[in-house]
Amino acid sequence: MAQEIRRGGHAFDVHEGLAAPFLFDNVSTDVIAPALTNLTEGLDAPRGGRGPSRGSTAFANIRYHADGSPRRDFVFNQEAYRTASIMIVGRNYATGSSRVTGVTRPLAAWGVRVYIGESFGPIFLTNAVQYGVLTVELPRETLNEIVEWVESHHGVRMRVDLERQLIEMPGRDPISFETDPRVRNKLLNGLHDLEEIQPHLPAARAMRARDVEERPWIYRPADERR
């Protein structure tokens, strides 16, 4: 995906795509989006730009050998998963630093719009919403079942429906999941942060006005409080 990825206002309703199993625990954002890499030979460069593109550096240190050639054991380098846009991950995925590139680099590289995992880093969850990326938390036993289905159904797409909160895979019963109501509303309606808080502003202004009446000294300039 060679496109500019902007922050905020992305909608998510239903996504259909191939899934890639990456069921490892404690994968930090340093692995997903390494800050520095000497892998420059053989990596794609953006049109008219210098150095590797954003997408080509996703998982760079485990995706390539030292000479820049692709590693066969990295899931997205395998033929069955080259076009996957759903990742099945483990526990504590994307913990560590707050870098937003933990979301945007896989999005640029493969168009990853859904992560299904046991648990996620809290800042990653916030960043994901900003880019219209859905995170689904499920028990490990259920994740193992999904991975088993994925590995035995190469080339078969699954469907992730946020409106109905269902994961649908041909040949098996749907899997239900729960999403935080605020996150669900924000994604379904493609809301920016300001659009999300807009309906609450009248109540916030009224609360502030009451507080000014009840505690006027709090709002006086500092030199007048002495």
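Use the structure listed above.
All of these numbers come straight from a predicted model, not from anything done at the bench.

Calculation notes
- Residues numbered from 1 in each chain as written.
- Predicted model: local features only at pLDDT ≥ 70, side-chain atom pairs only at ≥ 80, totals over all residues.
- Heavy atoms only, no water.
- Phe/Tyr/Trp six-rings, centres within 6.5 Å; stacked < 30°, edge-to-face > 60°.
- Helix = DSSP H or I, 4+ residues; strand = E, 2+ residues; numbered from the N terminus.
- Buried < 20%, exposed > 50% of the residue type's maximum accessible area, 1.4 Å probe, protein only.
- Pairing = 2+ DSSP bridges.
- Axes fitted to C-alpha atoms, helices over the stretch in contact; angles between N-to-C directions.
- 1 Å grid on protein atoms, 1.4 Å probe; cavity = no way out; pocket = protein on both sides within 12 Å on 5 of 7 lines; lining within 4 Å.
- Points joined across faces, edges and corners; volume = space filled by probe spheres on them.
- Nonpolar A, V, L, I, M, F, W, Y, C, P; charged D, E, K, R; others polar.

S.K.: Mind laying out the packing of aromatic side chains, listing which residues take part and the relevant values?
M.R.: Inspection of every chain in the model, using the stated rule, returns 13 aromatic pairs. Each ring, one from F59 and one from W110, has its centre 6.3 Å from the other, and the planes form 45°; the classification is tilted. Of this pair, F59 sits in the loop between α1 (29–32) and α2 (60–63) while W110 sits in helix α3 (residues 101–110), and the two are 51 residues apart along the sequence. There is no split in this pair, since F59 and W110 are both buried. Classification of W110 as buried rests on a relative accessible area of 12%.

S.K.: How would you sum up the sheet that holds strand β6 (residues 158–161)? Please name residues and give values.
M.R.: The four strands are arranged β1-β6-β7-β8 in an open sheet whose pairing can be described as antiparallel. Each having just a single partner strand, β1 (14–17) and β8 (175–176) make up the two edges of the open sheet. Judged from the two bridges that link them, strand β7 (residues 166–168) and β8 form a sheet pairing that is antiparallel. Residue I167 lies in a different strand from β8, and its bridge partner there is I175.

S.K.: Go over the sheet that holds strand β4 (residues 114–117) with me, naming the residues and quoting the values.
M.R.: What the four strands build is an open sheet, ordered β2-β3-β4-β5; its pairing is parallel. Both edges of this open sheet fall to β2 (19–22) and β5 (134–137), since each of them pairs with a single strand only. This sheet shows a mean twist of 20° between the axes of neighbouring strands, independent of strand direction. Direction of pairing for β4 relative to β5: parallel, over a ladder of four bridges. In the sheet register, Y115 faces β5, and the bridge partner there is T135.

S.K.: Which residues make up unusual backbone geometry, and what values do they have?
M.R.: Phi is positive for F59, which is not a glycine, with a value near 55°. On the basis of relative accessible area, F59 is assigned to the buried category, the value being 0%.

S.K.: Which residues make up the layout of surface pockets, and what are the values?
M.R.: When its volume is computed, the second largest pocket comes out at roughly 270 Å³. L125, T135, T179, D180 and V183 are the residues nearest the centre of the second largest pocket, which is lined by 17 residues in total. Of all elements in the fold, only α4 (122–130), β5 and α6 (181–189) reach the threshold of two or more residues within the lining of the second largest pocket. With five residues, the top contributor of residues to the lining of the second largest pocket is α4. Of the residues belonging to the lining of the second largest pocket, the class tally is eight nonpolar, four polar and five charged.

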